[in-house]
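Report on the structure
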Amino acid sequence: MPLLELKQINHFFGGLQAVHNFNLTIEPGELIGLIGPNGAGKTTIFNLVSGFYKPTQGDILFHEKSIIHLKPHQVTSLGLARTFQNIRMWNSMTVLENLCISQHYRMGYSFMDAIFSTKTYHEHEKAVVKRAMEILESLELSEAAGEYPKNLPYGLQRRVEIGRALTIKPSLLLLDEPAAGMNPSDIDRLIELIQWIREQFHLTIWLIEHQMKVVMSLCERLCVLDFGQIIAEGSPSDIKNNPRVIKAYLGDEEADDDAEN
Amino acid sequence: MRHYLSLIVYLAICLLIIVIFQQNWLNAYIQIVMMFIGINIMLSSSLNLINGYMGEFSCGHAGFMAVGAYTASLLNMGLFTTSSIFGRSLFIGPQYSVFLFPVTLIIAGFCAALVGLLVAVPSFRTRGDYLAIITLAVNYIVKSSIENIQEIGGARGFMGMRQVVNAMNNVINIPWLMIWILAFAGTSIIALKRFVGSTYGKGVIAIRDDEIAAEIMSVNTQRVKLIAFMLSSGIAGIAGGLFAHVIGYINPGTFTIMKSTEIMVMVYLGGMGSLSGSVLSAVLFTVMLEFLRPLQLFKWVLIPLLLIILMLFRPEGLMGNRELSDVFPGLRRFFPSKEY
Ligand SMILES: Nc1ncnc2c1ncn2[C@@H]1O[C@H](COP(=O)(O)OP(=O)(O)OP(=O)(O)O)[C@@H](O)[C@H]1O
Ligand SMILES: [Mg+2]
């Protein structure tokens, strides 16, 4: 039974077609990559899956149920978490607070409980903080709990953002260019981290990435997107030698293999 | 015990103020200024929830105040007094005003919160400048609607809320208004503090920091906005009800954009996202307004000027996102925060 299915997705921004007849099925436990030149429509696809945009046409099934009519926080509550291409943390609050707020969907109390400081409120608040601390500990981030995300080094900010996604207890994790802007040693640690969380939290991971090193060492299957359309799909080694892929990348000035690495 | 220290200190201060009022140790003028301080604390802290914590720009807070002021006044006048406009007191005698006065205030708060929906619902789709214009429009809608209802005095407004206060005083002669102001101001601050201190309420701050991330990372932003706007306008409504009974006379002209600006000045003076800042600035601002009274209309040159200077040299306000307990850690004794 597939975890996620995208069926005949078309998406338009006004006159611009950002996604073109996109079909993809992801099985539980897979680690699959989505690559393609700048502006290919990769982030748009993640925005469609996370419910931020409604597809102009087509359907998206998660656990075999259509999710295109759900609001983003409802999609999240089903166990679909993501990170963003440009890190989006809530920067006026601490790392710990960030990881608590992301559990909003299962806040088992109402605002009235908070105002009257009821027992339910304290119990749930305790559970939320406990969960956040557990995640921070497992990612070796306990020290950063009281810091503001923007004061952390870039590599750690990424880690924190992944931690925030994990508080959701996701079954599917979408990572949008997690290695963007990282130096080589950060990238090695990121690859390790992704492998580790995948096993630890039994995740299915779908990632967008330009860094070939990340894609080649992590992904079991790759999907190449150009102008909103899949131009190739297969194992990393197949994709590497696919003439259409090479052409798409070379056609895009800054995106040839050397410049990427 | 330690947990209740701040509450005990507050109650002691309340008791002191009530005794001072009861004994008339301060002249009537200063008593009224103190009541305005309490009301302004409610107004500025409730607006801070929107303008400070949520990062929206609401500039029509006086509109909600008006709804509360009229609802509370009409209910009380209708129920407990005999007047030319409202006829004989309905159903029940004046002596019940003692119990029902706070109830009418809470109803006033509910009505104001309902009018708050006029801002909350559009806020689902729009924000920033556009939402600011909507808040302005709501302020005008409320004011103009009241102006056009002749049954409640239209543009002339009406008076007689003193009779309600007198009715309460006839039962037991204690400073009722000040007592209710202290009670509601204290409750509002506690409610707001607990709300923004809870993970649920921090959803409001998440919306300010990054609404897209909030929406996608599991915050039900519509519900959080709804609660924030209704809580904020509800408290403003209660403050309006108290305000009407302190001055004993209301007309729509009291609740214009001018009044909204006054409240905004308090929020920005105190600091966005700081409740203690709002309390502090409400005290300072109210006292300052009284000192500037001899200048009459010129104070409306001076106050906006103050706002300009503030924005230029200390845009974060007096406290700027910090609470008193951050500035003076010694105060933590009084405001212990729960650690989990
Ligand atoms: N909200 C939007 N409104 C209009 N056009 C948009 C919007 N979002 C994306 N686009 C356009 O859709 C196309 C695909 O954008 P998208 O961000 O999905 O690309 P991408 O593959 O993630 O690129 P990158 O590698 O640069 O992140 C681009 O041409 C972009 O300009
Ligand atoms: Mg992108």
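Residues numbered from 1 in each chain as written. Chains lettered and ligands numbered in written order. Predicted model: local features only at pLDDT ≥ 70, side-chain atom pairs only at ≥ 80, totals over all residues. Heavy atoms only, no water.

One frequent convention defines the size of an interface as the accessible area lost when the parts assemble. Each partner contributes to the interface: chain A provides 37 residues, whereas chain B provides 29 residues. Between chain A and chain B the total buried area reaches about 3000 Å² when both faces are included, carbon and sulfur atoms providing 67% of it. Measuring nitrogen to oxygen at the nearest pair gives 3.0 Å for the salt bridge that ties Glu97(A) to Lys202(B). Linking chain A with chain B are 18 residue pairs in polar contact (both at pLDDT 80 or more). Elements that contribute at least two residues to the side of chain A that touches chain B include exactly helix H2 (72-77), helix H3 (95-101), helix H4 (111-116), helix H5 (119-138) and helix H6 (154-166) of chain A. In the side of chain A that touches chain B, the residues fall into 20 nonpolar, 10 polar and seven charged. (Contact = heavy atoms within 4.5 Å. Buried area = accessible area lost by both parts, 1.4 Å probe. Salt bridge = Lys/Arg side-chain N within 4 Å of Asp/Glu carboxyl O. Polar contact = N/O pair within 3.5 Å; in protein donor to acceptor, adjacent residues only side chain to side chain. Helix = DSSP H or I, 4+ residues; strand = E, 2+ residues; numbered from the N terminus. Nonpolar A, V, L, I, M, F, W, Y, C, P; charged D, E, K, R; others polar.)

Atomic detail in the predicted coordinates should be set aside for any region of low pLDDT. Mean pLDDT over chain B: 88, with 93% of residues reaching 70 or higher. Across the whole predicted complex the pTM is 0.91, and at the interface the ipTM reaches 0.90. (pLDDT = per-residue confidence, 0-100.)

The computed volume of the second largest pocket comes to approximately 840 Å³. Lining the second largest pocket are 30 residues, with Phe184(B), Thr187(B), Ala191(B), Ile235(B) and Ile238(B) sitting closest to its centre. Looking at the lining of the second largest pocket, the elements that each hand over two or more residues are H4 of chain A together with helix H1 (5-22), helix H4 (97-123), helix H7 (176-197) and helix H10 (221-247) of chain B. Its residues assigned to classes, the lining of the second largest pocket comprises 24 nonpolar, five polar and one charged. (1 Å grid on protein atoms, 1.4 Å probe; cavity = no way out; pocket = protein on both sides within 12 Å on 5 of 7 lines; lining within 4 Å. Points joined across faces, edges and corners; volume = space filled by probe spheres on them.)

Taken together, the protein ligands of the magnesium ion (ligand 2) are Thr43(A) (OG1) and Gln85(A) (OE1), with distances of 1.9 to 2.1 Å. One end of the pair, Thr43(A), is in helix H1 (residues 42-49); the other, Gln85(A), is in the loop between strand E6 (80-82) and H3, with 42 residues separating them in the sequence. (Donors = N, O, S within 2.8 Å, 3.2 Å for Na, K, Ca; no water.)

Turning next to the pattern of salt bridges. Considering all chains together, one arrives at 18 salt bridges over all chains under this definition. Across the salt bridge formed by Glu161(A) and Arg164(A), the nearest N and O atoms sit 3.9 Å from each other. One end of the pair, Glu161(A), and the other, Arg164(A), are both in helix H6, three residues apart, so they sit about a helical turn from each other. With respect to class, Glu161(A) is no different from Arg164(A); both count as buried. Across the pair Glu147(B) and Lys143(B) runs a salt bridge, and its minimum N-O distance is 3.2 Å. With Glu147(B) and Lys143(B) both in helix H5 (residues 129-148), this residue pair falls four residues apart, about one helical turn. Under the relative-accessibility criterion, Glu147(B) is labelled partly exposed at 25%. (Buried < 20%, exposed > 50% of the residue type's maximum accessible area, 1.4 Å probe, protein only.)

Let us look at the packing of aromatic side chains. Taken as a whole, this structure holds 12 aromatic pairs over all chains when the rule is applied. On the numbers, 6.3 Å between centres and 85 degrees between planes, the contact of Phe111(A) with Phe195(B) is edge-to-face. One end of the pair, Phe111(A), is in helix H4; the other, Phe195(B), is in helix H7, on a second chain. By relative accessible area, Phe195(B) is classed as buried at 0%. Aromatic pair Tyr70(B) and Phe158(B): ring centres 5.7 Å apart, planes at 80 degrees, arrangement edge-to-face. With Tyr70(B) in helix H3 (residues 61-80) and Phe158(B) in strand E1 (residues 158-159), the pair connects residues that are 88 residues apart, well separated along the chain. (Phe/Tyr/Trp six-rings, centres within 6.5 Å; stacked < 30°, edge-to-face > 60°.)

Right, let's talk about the nonpolar core for a bit. Leu207(A), Ile39(B), Phe195(B), Leu242(B) and Phe255(B) are the most contacted members of the largest nonpolar core, which has 158 residues in total. Residue contacts for Leu242(B): discarding those within four places in its chain leaves Ile39(B), Met42(B), Phe101(B), Leu105(B), Trp180(B), Ile181(B) and Phe184(B). In this structure, Phe22(A), Phe62(A), Leu172(A) and Ile208(A) belong to the second largest nonpolar core, which totals 28 residues. (Core = buried A, V, L, I, M, F, W, Y, C linked by side-chain atoms within 4.5 Å.)

Here H5(A) contains 20 residues, and its C-alpha end-to-end distance of 29 Å stays within 8% of the 28 Å for a straight helix at 1.5 Å per residue. Of all the residues in H5(A), the buried ones are Tyr121(A), His122(A), Glu125(A), Val128(A), Val129(A), Arg131(A), Ala132(A), Ile135(A) and Leu136(A). Contacts made by the buried residues of H5(A) are with H3, H4 and H6 of chain A together with H7 of chain B. (Expected span 1.5 Å × (residues − 1).)

What follows concerns the confidence of the model for chain A. Summing up the model confidence of chain A, the mean pLDDT is 92 and the portion of residues at 70 or higher is 95%. Every residue in residues 253-261 of chain A scores below 50 in pLDDT, and together they form 13 contacts with partners more than four places removed in sequence or on other chains.

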